[in-house]
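Residue-level structural notes
Here are the chains, one letter per residue:
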Amino acid sequence: MSVTPLRWTDRLELLDQRLLPRAERWLDVRGAADGARLIRALAVRGAPAIGLVAAYALAEEARRNDDLAHLRRAVRRLAAARPTAVNLAWALAQVMAAVEAKPASERFGAALAAARRLHAGDAAACRAIGEHGAGLFAGQGLRIMTHCNAGALATGGIGTALGIVRVLHEQGRLAMLFSCEARPVLQGARLTAWEAVQDGIPVTLLADSAAATLLAGGRVDGVVVGADRIAADGAVANKVGTYPLAVLAARHGVPFVVAAPTSTFDLACPSGAAIPIEQRGGDEVRRVWRCRVAPEGVDVFNPAFDVTPPELLTAIVSERGVARPVNARTVAMVA
Ligand code: MRU
């Protein structure tokens, strides 16, 4: 795997995903306010990755000011950057728990160690998800469809949905990855297709509206996607466009698999209706890479995520195993 969204080199740096695939530019993150701004602007995105960036940004903040009240304010600021992915608040809570147990002089060290632990833990989770998920698919020559980017660029490891794809590729069983482009921000076109090309994974890009044609034509053996939050009943919030893909997959008898680390599960959230869905600015839809493609100022509906109900899912895979069928009991076992 040649791709990573962030690195700690005595300071936090992140790969500016807004510029991919045209340019690879690394940005310094100078504390919590900077981290929150870059997360909100999608310089880094993907549920586990924003949790890790927030964790390291909080460590950076602790280096500058180790006062607990100040750090609690920094946590609130980072956690508010994006509302849907529960990994963000989860990662911050882990770092804060480590910091609160220490005297002021040790808080930076404790925060950094906690962020590093989360990073290593996410890499291990991705690998385990990849192995469990690959076991769901039998045979050779597999054609797998995905949506958005749930790959290395979205995590601290090989990816969640793309972790499964990478393991199938390592096993010599992947014939093709079909990547939906994921309008409006195009994470599928700009990030998943780029990541696959970097690593020599066979990939075909399609417009979101072309997915039905492939599924109806029997040309897809499975759909695998990531998640931003999984409710206790197994409802899954993920990139907008996931729900229609799940409906299509059910209509055509194609397995639909969600892959996510335990940090994405929110058992305090009873159902999909309780998941907060981020609404983003209209210019993401009115424009494609700064080029206007709609009347100036036209009203826009732009939810960043949608919710897929559990009955449309074949399985949910975490590092702890596979929930299949998906219901409150099996979800609790892998959460
Ligand atoms: O808006 P984004 O790009 O952060 O949305 C990302 C997704 O929806 C991913 O599928 C999800 O975070 C899983 S990443 C392993």
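Points about the environment of Ala 182
- You can see Ala 182 is positioned in the loop between β5 (174-180) and α7 (187-198).
- When the C-alpha atoms of Ala 182 and Val 326 are compared, they prove to be 25 Å apart, with 144 residues separating the residues in sequence.
- Those residues in contact with Ala 182, other than ones at most four positions away along the chain, are His 147, Cys 148, Gln 187, Gly 188 and Asp 208.

What to know about the nonpolar core
- Ranked by internal contacts, the top residues of the largest apolar core, which has 43 residues, are Leu 12, Ile 39, Leu 58, Leu 78 and Val 95.
- At the level of elements, β1 (6-8), β2 (12-15), β3 (26-29), α1 (32-40), α2 (47-64), α3 (68-79), α4 (87-100) and α5 (107-134) are the ones that each hand at least two residues to this core.
- A total of 12 residues in this core trace back to one element, the largest contributor, which is α2.
- Ignoring anything within four residues of it in the chain, the contact list for Val 95 reads Ala 55, Leu 58, Ala 111, Ala 114, Ala 115 and Leu 118.
- By size, the runner-up hydrophobic cluster in this structure holds 27 residues, among which are Val 223, Ile 230, Val 254 and Val 326.

A few points about the packing of aromatic side chains
- If you walk through the whole model with that rule in mind, you get 1 aromatic pair.
- Between Trp 8 and Tyr 56 the ring centres are 5.6 Å apart and the planes differ by 15°, which places this aromatic pair in the stacked class. Separated by 48 residues along the polypeptide, Trp 8 in strand β1 and Tyr 56 in helix α2 bring together distant segments of the chain.
- The ring of Trp 26 is capped by Arg 7, whose NZ or CZ atom sits 3.7 Å from the centre of that ring.
- Residue placement shows Arg 22 over the ring face of Trp 289; its charged tip is 3.9 Å from the ring centre.

What to know about the domain arrangement of the protein chain
- Domain assignment breaks the protein chain into domain 1 (6-126) and domain 2 (138-334).
- Residue-level contacts link 28 residues of domain 1 with 34 residues of domain 2.
- In total, about 2,600 Å² of surface goes out of reach between domain 1 and domain 2, with carbon and sulfur atoms giving 57% of it.
- Along the contact surface separating domain 1 from domain 2 lie 1 salt bridge.

Some remarks on the sheet that holds strand β10 (residues 256-259)
- Strands sit in the order β6-β5-β4-β7-β10-β15-β16 across an open sheet of 7 strands; the sheet is mixed. Since the sheet does not close on itself, it has two edges, and those belong to β6 (203-206) and β16 (321-323), each with one partner. For this sheet, the mean inter-axis angle between neighbouring strands, taken without regard to orientation, is 25°.
- Its contacts with the sheet put helix α9 (residues 242-251) on β4 (142-146), β5, β7 (222-225) and β10, and the angle it makes with β10 is roughly 145°.

Looking at helix α6 (residues 161-170)
- Among the 10 residues of α6, 8 are classified as buried, and the element is accordingly described as predominantly covered.
- Of all the positions in α6, only Ala 161, Leu 162, Gly 163, Ile 164, Val 165, Arg 166, Val 167 and Leu 168 are classed as buried.
- Elements that come into contact with the buried residues of α6 comprise α5, β4, β5, α7, β7 and β10.
- Immediately downstream of α6, the backbone of Gly 172 shows phi near 75°, a positive value.

Considering the sheet that holds strand β14 (residues 305-308)
- Taken in spatial order, the 4 strands of this open sheet run β11-β8-β9-β14, and their pairing is mixed. If you trace the sheet from one side to the other, it starts and ends with β11 (265-266) and β14, each paired once.
- In the sheet, strand β8 (residues 229-231) pairs with β11 via 2 bridges, with the strands oriented parallel. Residue pairing in the sheet places Ile 230 in a bridge with Phe 265 of β11.
- Against the sheet, α9 contacts β9 (236-239) and β14, and its axis sits at roughly 35° relative to β14.

What about the site of the ligand?
- If you check the shell around the ligand, you find 18 residues, and the closest are Arg 45, Arg 82, Asp 228, Asn 238 and Lys 239.
- Separating an oxygen atom of the ligand from a side-chain N or O atom of Asp 228 is a distance of 2.8 Å.
- Considering the ligand on its own, with 410 Å² of exposed area, one finds that the protein chains cover 99% of that surface.
- For the shell around the ligand, a count of residues per class yields 7 nonpolar, 7 polar and 4 charged.
- Composition of the shell around the ligand by domain shows at least three residues from each of domain 1 (6-126) and domain 2 (138-334).

Quick notes on the packing of α4 against α5
- Put simply, α4 and α5 touch, their axes get as near as 8 Å, and they point 140° apart. α5 is crossed by α4, and the crossing has right-handed handedness. Facing α4, whose interface residues are Trp 90, Ala 91, Gln 94, Val 95, Ala 98 and Val 99, α5 presents Arg 107, Ala 110, Ala 111, Ala 114, Ala 115, Arg 117 and Leu 118.
- Within the contact of α4 with α5, the residues separate by chemical class into 10 nonpolar, 1 polar and 2 charged.

Definitions and cut-offs
Residues numbered from 1 in each chain as written. Predicted model: local features only at pLDDT ≥ 70, side-chain atom pairs only at ≥ 80, totals over all residues. Heavy atoms only, no water. Helix = DSSP H or I, 4+ residues; strand = E, 2+ residues; numbered from the N terminus. Contact = heavy atoms within 4.5 Å. Core = buried A, V, L, I, M, F, W, Y, C linked by side-chain atoms within 4.5 Å. Buried < 20%, exposed > 50% of the residue type's maximum accessible area, 1.4 Å probe, protein only. Phe/Tyr/Trp six-rings, centres within 6.5 Å; stacked < 30°, edge-to-face > 60°. Lys NZ or Arg CZ within 6 Å of the ring centre and 35° of its normal. Domains from an automatic or database assignment. Buried area = accessible area lost by both parts, 1.4 Å probe. Salt bridge = Lys/Arg side-chain N within 4 Å of Asp/Glu carboxyl O. Pairing = 2+ DSSP bridges. Axes fitted to C-alpha atoms, helices over the stretch in contact; angles between N-to-C directions. Near = heavy atom within 4 Å. Polar contact = N/O pair within 3.5 Å; in protein donor to acceptor, adjacent residues only side chain to side chain. Areas by Shrake-Rupley, 256 points an atom, 1.4 Å probe, with all protein chains shown as cover. Nonpolar A, V, L, I, M, F, W, Y, C, P; charged D, E, K, R; others polar. Left-handed = near helix turned anticlockwise from the far one by under 90°.

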